[in-house]
Amino acid sequence: MNKYFSFFFRPFLPLFFIFLVNTFCSIVFADNEPGVSTFMYHRFDENKYPSTSVTKEQFLDHINFVITNEIEVISLEKLIEIMKSDDTFEKKVIAFSVDDAYRSFYDIAWPVFKENNIPVTLFVSTDSVDKQKKGYMSWDQINIFVNEGGTVGQHTSTHLHLPLNDRETIKSDILKSHKSFVKHLGFIPKLFAYPYGETSKLVIDVLGEFGIDHSFGQHSGVTSSYSNHYYLPRFSLNENFGKIDRFIFAAKAYSLRIEDFIPSEMYLVENKKPNIEFTIIDDLKNSDFNCFSNPGGKWNKQIINKITSKRIQIQLQEAYSSGRGRLNCTTKIDDKWHWFGYQFIIK
Ligand SMILES: [Zn+2]
């Protein structure tokens with residue numbers, strides 16, 4: 001028997017070994033999804049606006065970190081292509097976006113992105129450019145940006161608080177931006193980012209009518225194949241949150257995969273102390289799981305109730321105050337931080 005085994009099977013042993021390793025590895029990889037850390041900038045080196053600007057040094061630190069550590073940067077189009085396929089984000093990658101088309105992006109950041117072949121998407125609210133507002137890019141500059149390899153995304157026409165408006169106003173505002181894009185660029189960009197990162201079921205419904213099937217918010221978190229296509233997270237960078245340590249932490253963070261998140265409505269009108277529940281896909285391996293939120297206007301660690309081993313409930317101590325209610329949940333599994341974030345808009 002031994003002889004028989006040796007004779008017939010020995011040549012196949014290496015193959016069998018490869019099969020075993022592959023099977024084992026795919027099981028290991030299915031355990032987590034590194035995901036995409038998407039970053040969002042507004043202004044560059046405009047120190048009059050520290051809450052929306054990063055210093056030139058901070059920005060160069062970010063880019064240097066990416067280049068020196070050979071971190072893969074994908075375009076937002078690629079991110080969406082992967083989301084639409086059955087693929088998962090099994091390699092840790094990052095992506096860059098810039099909102100509002102300020103002139104400082106064109107002067108300071110775009111030359112750096114361009115020179116280093118780093119993809120970046122610019123989300124443009126068309127009114128500011130149409131009206132040639134001071135401090136904004138011109139259509140000529142946006143055309144140069146596109147011709148030099150940049151990607152443009154939609155950001156409405158008047159940069160309105162979308163959930164606070166009715167269907168007709170939302171539609172006509174988006175339509176107006178489309179007309180401007182066609183007039184000045186010759187096409188309607190596919191990508192969309194919500195002004196202030198604010199959305200609602202109604203807004204998402206209107207986007208669907210326009211054939212837009214993915215859009216970006218501005219809540220922290222890492223994108224995975226489980227992320228809500230109409231509410232993709234982005235890490236906001238400014239003078240306070242643009243320091244290199246925080247950038248590296250966010251760039252290295254893994255996705256925290258969740259599903260069946262409730263409430264399904266992001267815009268809270270009546271009940272400002274919602275029952276928040278979701279199911280965690282990742283194996284937490286008994287690691288600490290913490291959620292921070294700002295009900296009542298104060299950031300606090302929230303009480304977490306386990307409904308089942310996978311389903312959890314966040315027990316808010318107070319109602320959210322008007323504006324934005326944020327939720328950040330993190331856990332460290334096997335030396336990797338995993339991050340899920342969410343944002344409610346409160347009337
Ligand atoms: Zn904006």
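Each chain carries its own residue numbering, running from 1 in the direction its sequence is written. Owing to the predicted nature of the model, reporting of local features is limited to residues with pLDDT of at least 70; listing and counting of side-chain atom pairs is limited to 80 or more, with chain, interface and lining totals taken over all residues.

1. Comments concerning the overall build of the chain
Elements are defined by DSSP. Helices are runs of H or I of four residues or more, strands are runs of E of two residues or more, and each kind is numbered from the N terminus. Secondary structure summary: the chain contains 10 helices and 17 strands in total. Between the two quantities, the radius of gyration covers C-alpha atoms and the globule rule is 2.2 Å times the number of residues to the power 0.38. Computed over C-alpha atoms, the radius of gyration of the chain comes to 22 Å, within 12% of the 20 Å expected from 2.2 N^0.38 for 347 residues, which places it in the range of a compact globule. For the chain, with 347 residues in total, the buried portion stands at 38%. Long-range pairs, those at least 24 residues apart, make up 67% of the contacts in the chain between residues at least 6 apart in sequence. Remark: C-beta atoms are placed from the backbone, and a residue is labelled buried if 20 or more other C-beta atoms sit within 10 Å of its own, exposed if 12 or fewer do, or partly exposed between those counts. Distance between backbone-placed C-beta atoms decides contact: two residues are in contact if it is within 7 Å.

2. Some points on unusual backbone geometry
Ile262 connects to Pro263 through a cis peptide bond whose omega is 5°. Relative to the elements of secondary structure, Pro263 occurs in the loop between strand 9 (258–262) and strand 10 (267–268). For Thr156, which is not glycine, the phi dihedral falls at a positive 65°. Within the fold, Thr156 resides in the loop between strand 6 (151–154) and helix 8 (167–185). The exposure class assigned to Thr156 is buried, which follows from the 21 C-beta atoms found within 10 Å.

3. So, the packing of helix 3 (residues 56–68) against helix 10 (residues 244–252)
Axis lines are fitted through C-alpha atoms, for helices just across the contact stretch, and the angle between N-to-C directions can take any value from 0 to 180 degrees. Closest axis-to-axis distance for the helix 3/helix 10 pair is 10 Å, and the angle between their directions is 40°. Comparing the axis directions of helix 3 and helix 10 gives the class oblique. Where helix 3 crosses over helix 10, the two elements pack in a sense that is right-handed. Residues Asp61, His62 and Phe65 of helix 3 lie in contact with helix 10, whose contacting residues are Ile244, Phe247 and Ile248. Ten residues, namely Ala, Val, Leu, Ile, Met, Phe, Trp, Tyr, Cys and Pro, are considered nonpolar, four, namely Asp, Glu, Lys and Arg, are considered charged, and the remaining ones, Gly among them, are considered polar. Per-class residue counts for the contact of helix 3 with helix 10 are four nonpolar, one polar and one charged. Any angle that is under 35 degrees is reported as roughly parallel, and any over 145 degrees as roughly antiparallel; angles of 65 to 115 degrees are reported as roughly perpendicular and all others as oblique. Whether a crossing is left-handed or right-handed is set by the direction in which the near helix is turned from the far one by less than a right angle, anticlockwise for left-handed and clockwise for right-handed.

4. Brief notes about the packing of helix 8 against helix 9 (residues 201–209)
Put simply, helix 8 and helix 9 touch, their axes get as near as 10 Å, and they point 45° apart. Considered as vectors, helix 8 and helix 9 are oriented oblique to each other. The element helix 8 and its partner helix 9 pack so that their crossing is right-handed. Together, Arg167, Ile170 and Lys171 of helix 8 and Leu202, Val203 and Val206 of helix 9 make up the contact between the two elements. The residue makeup of the contact of helix 8 with helix 9, split by class, is four nonpolar, no polar and two charged.

5. Some remarks on the sheet that holds strand 1 (residues 36–41)
At least two DSSP bridges between two strands are required for those strands to pair. The five strands are arranged 6-5-4-1-7 in an open sheet whose pairing can be described as parallel. Whereas interior strands pair on both sides, the edge strands pair on one side only; in this sheet they are strand 6 and strand 7 (235–236). As judged from the six bridges shared by strand 1 and strand 4 (residues 93–99), these two strands associate in the parallel manner. Paired with Ser37 across the bridge in strand 4 is Ile94. Contacting strand 1, strand 4, strand 5 (121–124) and strand 6, helix 4 (residues 76–84) crosses the sheet at an angle of about 125° to strand 4.

6. Quick word on helix 5 (residues 103–115)
To estimate how far a helix should reach, multiply one less than its number of residues by 1.5 Å. Between its first and last C-alpha atoms helix 5 spans 18 Å; for 13 residues at 1.5 Å apiece the expected length is 18 Å, and the two agree. Fitting axes to the seven residues that end at a residue and to the seven that start at it, the angle between those axes gives the bend at that residue. For helix 5, the principal kink sits at Ala109 and spans about 45°; a proline, Pro111, occurs within the next four residues. Buried within helix 5 we find Ser104, Phe105, Tyr106, Ala109, Trp110 and Phe113. Against strand 1, strand 2 (43–44), helix 3, strand 4, strand 5 and helix 7 (139–147) lie the buried residues of helix 5. Phi for Asn117, located one or two positions after helix 5, is positive at around 55°.

7. Details of the sheet that holds strand 9
The sheet built from four strands is open, its strands ordered 9-11-15-14 with antiparallel pairing. The open sheet has two edge strands, strand 9 and strand 14 (303–306), and neither has a second partner. Between one strand and the next, the sheet's axes are offset by a mean angle of 25°, whatever the strand orientation. Relative to strand 15 (residues 311–315), strand 14 is paired through four bridges, and the arrangement is antiparallel. The residue bridging Lys306 from the neighbouring strand is Ile312, located in strand 15.

8. What about the environment of Val146?
Residue position: Val146 is located in helix 7. Note: C-alpha distance between Val146 and Leu185 (39 residues apart in sequence) is 8.7 Å. If we ignore the near neighbours within four places in the chain, the residues touching Val146 are Val152 and Leu185.

9. Some thoughts on the nonpolar core
Only buried residues count toward a nonpolar core: Ala, Val, Leu, Ile, Met, Phe, Trp, Tyr and Cys, linked into one set through C-beta atoms within 7 Å. Counting residues in hydrophobic clusters, the biggest one holds 67 residues, and the most contacted among them are Tyr41, Ala101, Phe105, Ala109 and Leu122. These domain limits were set by an automatic method or by a database of domain assignments. Domain assignment of the residues forming this core places at least three in each of domain 2 (33–254) and domain 3 (261–346). Leave out the neighbours within four places in its chain, and Ala101 touches Leu122, Val124, Val129, Tyr136, Met137 and Ile142.

10. Re the pairing of strand 11 (residues 276–280)
Pairing of strand 9 with strand 11, which is carried by three bridges, proceeds in the antiparallel orientation. Bridge pairing in strand 11 places Glu259 opposite Thr279. By the bridge criterion, four bridges tie strand 11 to strand 15 in an arrangement that is antiparallel. Directly across from Glu277, in strand 15, lies its bridge partner Gln313.

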